[in-house]
Structures are given as C-alpha cells and as structure tokens.
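Coordinate inspection notes
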Amino acid sequence: MKHRHVIDLEDLTFMQLQHTIELAGKIKNDPEKYAHVCDGKIMATLFYEPSTRTQMSFQTAMMRLGGKVIGFDNPQNSSVAKGESLKDTITVMSGYADIIAMRNPVEGSAKAASLYSSVPVINAGDGGHLHPTQTLTDVVTLYNEKGRLNHLKIGLCGDLKNGRTVHSLVKTMSHFEGNSFVLISTKELKIPDYIKDIMDRSGCKYTEVFDLKENISDLDVLYMTRIQRERFNSEEEYQAQKGTYILDLEKLKYAKDNMIILHPLPRVDEIAVEVDDDPRACYFKQAVYGMYGRMALILLLLEDKDYFFHTKSGKLTTHSVCSNDRCVVNQEHYLPRYYYKKNGKKICEYCDHEIRNS
Ligand code: CP
C-alpha cells in the first residue's frame with residue numbers, strides 16, 4: 001500500500017531523504033525562486049500539544065512558499081473540547097486544507113490521522129514516539145554544518161528514554177556508513193531497547209555512559225536534550241533527574257574545536273546561557289534550518305506526484321491489544337488494529353510497541 005503521509009522519516013527512501021535535504025539547501029540559497037510555488041494552497045496546523053518551533057516553522061514555511069495557514073494551537077478552542085474524535089476532526093480538516101501538520105501527545109496518532117485524511121499528513125510529533133521533521137531539521141543542519149552525514153561520532157545526552165527526537169535521529173543516522181553513538185544518560189533515562197536493536201542491526205557502534213565531561217573529547221556532534229518533565233509519572237521522579245547534565249564552558253574546554261552542539265529546543269537548564277556565544281553552538285541555527293527542511297517537504301508533498309511512501313504492512317489483527325497504554329488504539333477505539341512482524345513478534349503499526357493477545 002502506498003501513501004503520501006510523513007509519519008516516520010523512515011517512510012522516505014534514502015534517495016527521497018537526500019533529495020529533500022538538497023532541496024532545503026536550494027531554497028535557503030534562493031528563497032525568491034520559491035516564494036510563490038504554493039500560491040493558493042492551504043496548510044492546516046493542528047497542535048494538540050504546546051510548540052514554538054515546529055508550529056511556527058511549519059507556518060512560516062508555508063507562508064514563505066506563498067501558501068496560507070489555518071489551524072489551532074489549543075484543542076480546547078476547537079470541537080475536540082466537546083469530545084470530537086481524531087477521525088472526525090481529520091476527515092473535516094482534510095476537506096478544507098491541502099496538507100496537514102499535526103502534533104498530538106498520543107503515540108501513534110499521526111498514523112491514525114493519516115487513515116482518514118484525503119491530503120498529506122505530516123507528523124509534527126506524536127507523544128514520546130516520533131518527531132520526523134525534527135530529524136529532518138537535524139540532518140539538514142548536520143549536512144550543512146559538518147558537510148557530511150557519515151563517519152560522525154555523535155554524542156546524545158540527557159533524556160534518551162523519552163526524547164523522541166533522539167530516537168528518530170539515531171534511526172536515521174544508523175543508515176549512514178561509519179556513524180557511531182555515545183549515549184550519555186542516567187540509568188533511569190537510557191535509550192529504549194528497540195533503538196539499540198536498530199543500531200545493532202545496522203552495525204553501528206555505540207556505548208552507554210554516564211559522565212558528559214569524560215566522554216566529550218572525541219565527539220564530532222553533541223546533541224543535548226531536555227529532561228522531559230511532561231513524560232514522567234510523578235514530580236519526584238522528575239526532580240531526581242533534573243539538572244543531572246549541564247553543558248557549560250568548563251566542560252566545553254575538553255571538546256574538539258570543530259565539534260558542533262545541537263539541541264532540538266526548548267532548553268531548560270541543560271545548556272548554560274554562556275555557551276550560546278561559543279562558535280560551536282549551533283542550536284539556534286538548527287531551528288532556522290528546520291524551516292528550510294519543512295519548506296522542502298511541503299513542496300515535495302504538494303508538487304511531486306511521485307512522492308509516495310510505503311506502509312509497513314497494513315495487516316489487520318483481531319482479538320489483540322497494544323501493550324502501550326499511551327497508544328492511540330487504546331484511546332480511539334474505532335481504529336483498525338494494524339500490525340507488522342519483527343523478530344517473530346507482532347508490532348503495533350501505530351506506536352511500534354508489541355501487540356498481545358486479548
Ligand atoms: N524542537 C521542537 O519540537 O520544539 P517545539 O516543541 O517548540 O516545537
């Protein structure tokens with residue numbers, strides 16, 4: 001089965017990803033040429049969860065291409081507050097807009113939305129699951145700032161358990177030859193096993209360590225992340241992790257001169273403000289690269305009729321439940337139960353957790 005939705009950056013072939021990154025660069029270098037390519041088109045930005053960069057960069061991306069934007073940034077101001085289902089909201093919105101960008105705290109909700117949309121849906125973050133356009137932002141930044149996407153030693157530091165940007169980035173960068181990862185976290189916030197499986201399968205080397213200062217010296221890239229307070233089960237658990245990692249100028253003394261520092265933002269306290277003026281700090285530039293990446297993606301989805309992706313499998317199951325309480329199928333009960341198989345197990349196609357018999 002084929003579709004034109006971007007749920008996971010993995011949906012893009014290697015060639016499509018390369019093409020998108022290159023187009024982002026062309027748009028950045030000659031914005032006038034692309035200023036009217038989406039004249040008459042409308043994007044709906046449906047944000048069920050707070051956002052600054054993703055929402056505003058999608059909106060400015062569409063406007064810089066000549067298009068217009070509708071949507072909400074607080075579902076309580078829409079009929080969601082009256083109990084409208086995701087299916088009904090998306091069915092209606094896809095009759096109004098030519099393309100939809102949606103952020104929703106429920107895992108797998110982007111895949112669910114895509115089932116009911118007659119126009120392309122872009123996943124702007126689905127809970128702790130995936131955030132593909134942040135990964136696009138990250139790879140556009142890496143390509144422009146490091147000049148390559150291979151043979152990079154990438155340190156990832158902070159909340160590696162809940163950070164969907166980390167999961168998506170590791171998945172994507174595992175496809176490029178010679179990349180290796182240094183995973184810097186507490187034992188409570190380690191990267192999930194399914195991401196380690198991906199690194200193992202692709203043959204990427206990785207180490208799991210605790211100390212940032214001791215492991216910074218040979219990194220090409222340091223990707224800092226926020227401890228994601230909103231994903232913790234209790235305030236006590238969050239307080240126990242808060243402030244564990246703070247990148248400051250003292251620690252940066254041990255890093256290479258050409259290392260770059262990335263962060264998906266927002267930052268809380270994990271990068272000291274004094275670092276902002278260091279030439280290695282790239283996180284504000286990264287947010288701008290994100291707008292060009294999103295401009296390229298919107299343009300390809302609206303203009304290139306061959307820009308199709310394959311679904312994972314589309315097989316239906318009955319008498320089974322997704323083991324993930326946060327999965328959309330456990331909240332929107334009308335959804336068909338799609339799964340794919342991995343290592344002999346049935347995996348939920350919405351959230352990538354295992355399915356169990358009911
Ligand atoms: N990086 C990112 O997703 O930022 P926002 O939450 O502000 O969109």
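Above this text you will find the structure in question.
Rules used in this analysis
- Numbers given for residues are sequential positions, taken from 1 along each chain in its written order.
- This being a predicted model, a pLDDT of at least 70 is required before a residue's local features are given, and a value of 80 or more before pairs of side-chain atoms are given or counted; all residues contribute to the totals for chains, interfaces and linings.
- Think of the side-chain values as coming from all heavy atoms in the structure, minus any hydrogens and water.
- Near is defined per residue: the residue qualifies when any heavy atom it owns lies within 4 Å of the molecule or strand.
- N or O atoms within 3.5 Å of each other form a polar contact, as long as, within protein, one can give a hydrogen and the other can take it, and as long as residues adjacent in sequence are counted only when both atoms are side-chain atoms.
- Surface accessibility follows the Shrake-Rupley procedure with a 1.4 Å probe radius. Residue values consider only the protein chains on display as shielding.
- The nonpolar class holds Ala, Val, Leu, Ile, Met, Phe, Trp, Tyr, Cys and Pro. Asp, Glu, Lys and Arg form the charged class, and all remaining residues, Gly among them, are polar.
- Delimitation of the domains relies on an automatic or database domain assignment.
- Strands qualify as paired when DSSP identifies two bridges or more between them.
- Each helix corresponds to a stretch of at least 4 residues labelled H or I by DSSP, and each strand to a stretch of at least 2 residues labelled E; elements are numbered beginning at the N terminus.
- Axis definition: a line fitted to C-alpha atoms, over the contacting stretch in the case of helices. Angles run 0 to 180 degrees between N-to-C directions.
- In this analysis, two residues are considered to be in contact whenever any of their non-hydrogen atoms come within 4.5 Å of each other.
- Salt bridges are counted wherever a side-chain nitrogen of Lys or Arg sits within 4 Å of a carboxyl oxygen of Asp or Glu.
- For every residue, the accessible area obtained with a 1.4 Å probe (protein chains only) is divided by the maximum for its type, and the residue is called buried under 20%, exposed over 50%, and partly exposed between those limits.

**Quick notes on the site of the ligand**
Close contacts around the ligand come from Ser51, Thr52, Arg53, Thr54, Arg103, His131, Gln134, Pro264 and Leu265, and that covers them all. Interatomic distance of 2.6 Å between a side-chain N/O atom of Ser51 and an oxygen atom of the ligand. The backbone of Leu265 places a nitrogen or oxygen atom 2.9 Å from a nitrogen atom of the ligand. Burial of the ligand by the protein amounts to 91% of the accessible area it has alone, namely 260 Å². Looking at side-chain class alone, the shell around the ligand contains 2 nonpolar, 5 polar and 2 charged residues. Looking at the shell around the ligand, you find at least three residues from each of domain 1 (9-131 + 290-303) and domain 2 (134-287).

**A word on the sheet that holds strand β4 (residues 99-104)**
Strands in a sheet are paired, the pairing made by backbone hydrogen bonds, and the direction either parallel or antiparallel. Taken in spatial order, the 4 strands line up as β3-β2-β4-β5 in an open sheet, and their pairing is parallel. At either end of the open sheet lies a strand with only one pairing partner, and these are β3 (68-72) and β5 (121-126). For this sheet, the mean angle separating the axes of adjacent strands, direction not counted, is 15°. As defined by bridge partners, strand β2 (residues 42-47) adjoins β3 across 5 bridges and the pair is classed as parallel. Within the sheet, the bridge partner assigned to Thr45 lies in β3 and is Gly71. Lying over the sheet, helix α3 (residues 86-96) contacts β2, β3 and β4, oriented at roughly 150° with respect to β4.

**Digging into the pattern of salt bridges**
Per the stated rule, a full pass over the model turns up 13 salt bridges. Put simply, Lys171 and Asp8 hold a salt bridge, and the shortest N to O gap is 3.1 Å. Taken as a pair, Lys171 in helix α6 (residues 164-173) and Asp8 in the loop between β1 (2-3) and α1 (14-29) lie far apart in primary sequence, 163 residues in all. In this structure, Lys171 and Asp8 share a single accessibility class: buried. Note that Asp218 and Lys153 form a salt bridge whose closest N and O atoms lie 2.8 Å from each other. Taken together, the residues span a long stretch of sequence, with Asp218 in the loop between β8 (205-209) and β9 (221-224) and Lys153 in strand β6 (residues 153-157) at a distance of 65 residues. Exposure remark for Asp218: the relative accessible area of 37% places this residue in the partly exposed category. Owing to a relative accessible area of 25%, Lys153 belongs among the partly exposed residues under this scheme.

**Points about unusual backbone geometry**
With an omega of 10°, the peptide bond running from Leu265 to Pro266 counts as cis. Looking at where Pro266 falls in the secondary structure, it is placed in the loop between β10 (260-262) and α10 (283-303). Located in the positive-phi region is Asn343, a residue other than glycine, with phi close to 50°. On the secondary structure map, Asn343 appears in the loop between β14 (338-342) and β15 (345-348). What makes Asn343 exposed here is its relative accessible area of 63%. Of note in the backbone geometry, Asp352 takes a positive phi value of approximately 70° without being a glycine. Taking relative accessible area as the criterion, Asp352 reaches 11% and is therefore assigned buried.

The values reported here are purely geometric and, on their own, carry no functional implication.
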